[in-house]
Amino acid sequence: MFSLKTSGEVNSNGGGISSSDESNGSICHEISTKGRRSMNIVWHKCSVEKIDRQELLQQKGCVIWITGLSGSGKSTLACSLTRALHSRGKLTYVLDGDNLRHGLNSDLTFKAEDRAENIRRIGEVAKLFSDSGVICIASVISPYRKDRDACRSILPDGDFIEVFMDMPLHVCEARDPKGLYKLARAGKIEGFTGVDDPYEPPLNSEIIIQMEGEVCSSPEVMAEKVISYLDAKGYLQA
Ligand SMILES: Nc1ncnc2c1ncn2[C@@H]1O[C@H](COP(=O)(O)OS(=O)(=O)O)[C@@H](OP(=O)(O)O)[C@H]1O
Ligand SMILES: Nc1ncnc2c1ncn2[C@@H]1O[C@H](COP(=O)(O)OP(=O)(O)O)[C@@H](O)[C@H]1O
């Protein structure tokens, strides 16, 4: 049976939901006025909540945030992970930085403030997917620590799982599947991450993917590492 909740109390200024909502990890977990420009808006709560959707799906919604240099294997891991979870009957959705820049984020450049807005939007979309009960996999360079941490801060504790693709620059550059490093080294792309733009590695990521000596694990083995984490933390059951 699904549990039905009565509606939560909304602050008189419409600025937030009462903290009693935090127990079920629903999207009402953290609603703040920070950065919000619209006034006189009030959160509308529905009787079907995250906990109900999770029960239906027999899993827990969360965000797996894969960060790393271009060519570090983010998209490859995202695809391998979504395939492996799908075959176990788990509902996932991949948000790939490159792909989202074709639509939702097509107005953004690679300047620091646009990268920040790119990450903010992807974080908000990922939060919605997570609230729907889906295991959302975001694969984005997300070079700035504060932008990634901001995405972490809008999710319930534990639901933002950062995966750091800790691949040396020379490996990423040798792969160069799109020829972008070559263009950047030739001065034909400005502000390319790792070449003439910064990448700030995570300090406390939940999972680190590294090479062992000169050997890089297969995408399937990397995906299994993430799945073991999800399993241990209870995300693969309601
Ligand atoms: N200047 C510059 N720096 C880094 N990357 C660049 C740049 N210009 C284009 N690209 C291509 O854009 C992809 C990264 O997009 P993201 O949205 O993930 O970037 S970011 O998180 O906003 O930094 C990235 O995809 P991946 O190689 O899959 O990481 C590149 O193909
Ligand atoms: N585990 C791996 N072992 C060997 N090659 C890999 C691995 N993961 C990715 N690659 C290769 O590296 C290149 C970059 O991978 P990709 O997933 O596109 O990286 P990113 O999304 O971080 O730019 C691709 O050619 C891909 O086939």
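Small disclaimer: the values here were computed from a predicted structure and weren't measured. (Residues numbered from 1 in each chain as written. Chains lettered and ligands numbered in written order. Predicted model: local features only at pLDDT ≥ 70, side-chain atom pairs only at ≥ 80, totals over all residues. Heavy atoms only, no water.)

(A) Structural context of the overall build of the protein chain. Looking only at helices and strands, the protein chain has eight helices and five strands in total. The buried share among the 238 residues of the protein chain stands at 46%. Long-range pairs, those at least 24 residues apart, make up 74% of the contacts in the protein chain with a sequence separation of at least 6. When the accessible area of the protein chain is evaluated, it comes to approximately 12,800 Å², of which 54% is carbon and sulfur surface. (Helix = DSSP H or I, 4+ residues; strand = E, 2+ residues; numbered from the N terminus. Buried < 20%, exposed > 50% of the residue type's maximum accessible area, 1.4 Å probe, protein only. Contact = heavy atoms within 4.5 Å. Areas by Shrake-Rupley, 256 points an atom, 1.4 Å probe, with all protein chains shown as cover.)

(B) Expanded view of the sheet that holds strand E3 (residues 135-139). The strand order across the open sheet built from five strands is E2-E3-E1-E4-E5, with neighbouring strands paired in parallel fashion. On the outer flanks of this sheet lie strand E2 (92-96) and strand E5 (207-210), each paired with one strand and no other. Here the strands of the sheet are splayed against their neighbours by 20 degrees on average, with no regard to which way each runs. In this structure, strand E1 (residues 62-67) lies alongside E3, joined through five bridges in parallel fashion. Counted as the bridge partner of Cys62 is Ile135 from E3. Sheet contacts for helix H2 (residues 74-87): E1, E2, E3, strand E4 (160-166) and E5; angle to E3, the most-contacted strand, approximately 165 degrees. Across the sheet, helix H8 (residues 219-232) is in contact with E1, E4 and E5; its angle to E5 comes to roughly 165 degrees. (Pairing = 2+ DSSP bridges. Axes fitted to C-alpha atoms, helices over the stretch in contact; angles between N-to-C directions.)

(C) Broad picture of helix H4 (residues 112-131). Over its 20 residues, H4 extends 28 Å from the first C-alpha to the last, a length consistent with the 28 Å expected when each residue adds 1.5 Å. Among the residues of H4, those classed as buried are Asp114, Arg115, Asn118, Ile119, Arg121, Ile122, Gly123, Ala126, Lys127, Ser130 and Asp131. Check the buried side of H4 and you find it contacts helix H1 (50-57), E1, E2, helix H3 (97-100), E3 and helix H5 (145-153). Just downstream of H4, Gly133 is the residue with a positive phi angle, here 100 degrees. (Expected span 1.5 Å × (residues − 1).)

(D) Quick look at the site of ligand 1. In the neighbourhood of ligand 1, 20 residues make up the surrounding shell, with Ser70, Arg101, Arg115, Asn118 and Ser142 lying closest. Contact between ligand 1 and Arg115: an oxygen atom at 2.8 Å from a side-chain N or O atom of the residue. Separating a nitrogen atom of ligand 1 from a backbone N or O atom of Thr193 is a distance of 3.4 Å. Contributions of two or more residues to the shell around ligand 1 are made by H3 and H4. In terms of residue count, the dominant contributor to the shell around ligand 1 is H4 (three residues). (Near = heavy atom within 4 Å. Polar contact = N/O pair within 3.5 Å; in protein donor to acceptor, adjacent residues only side chain to side chain.)

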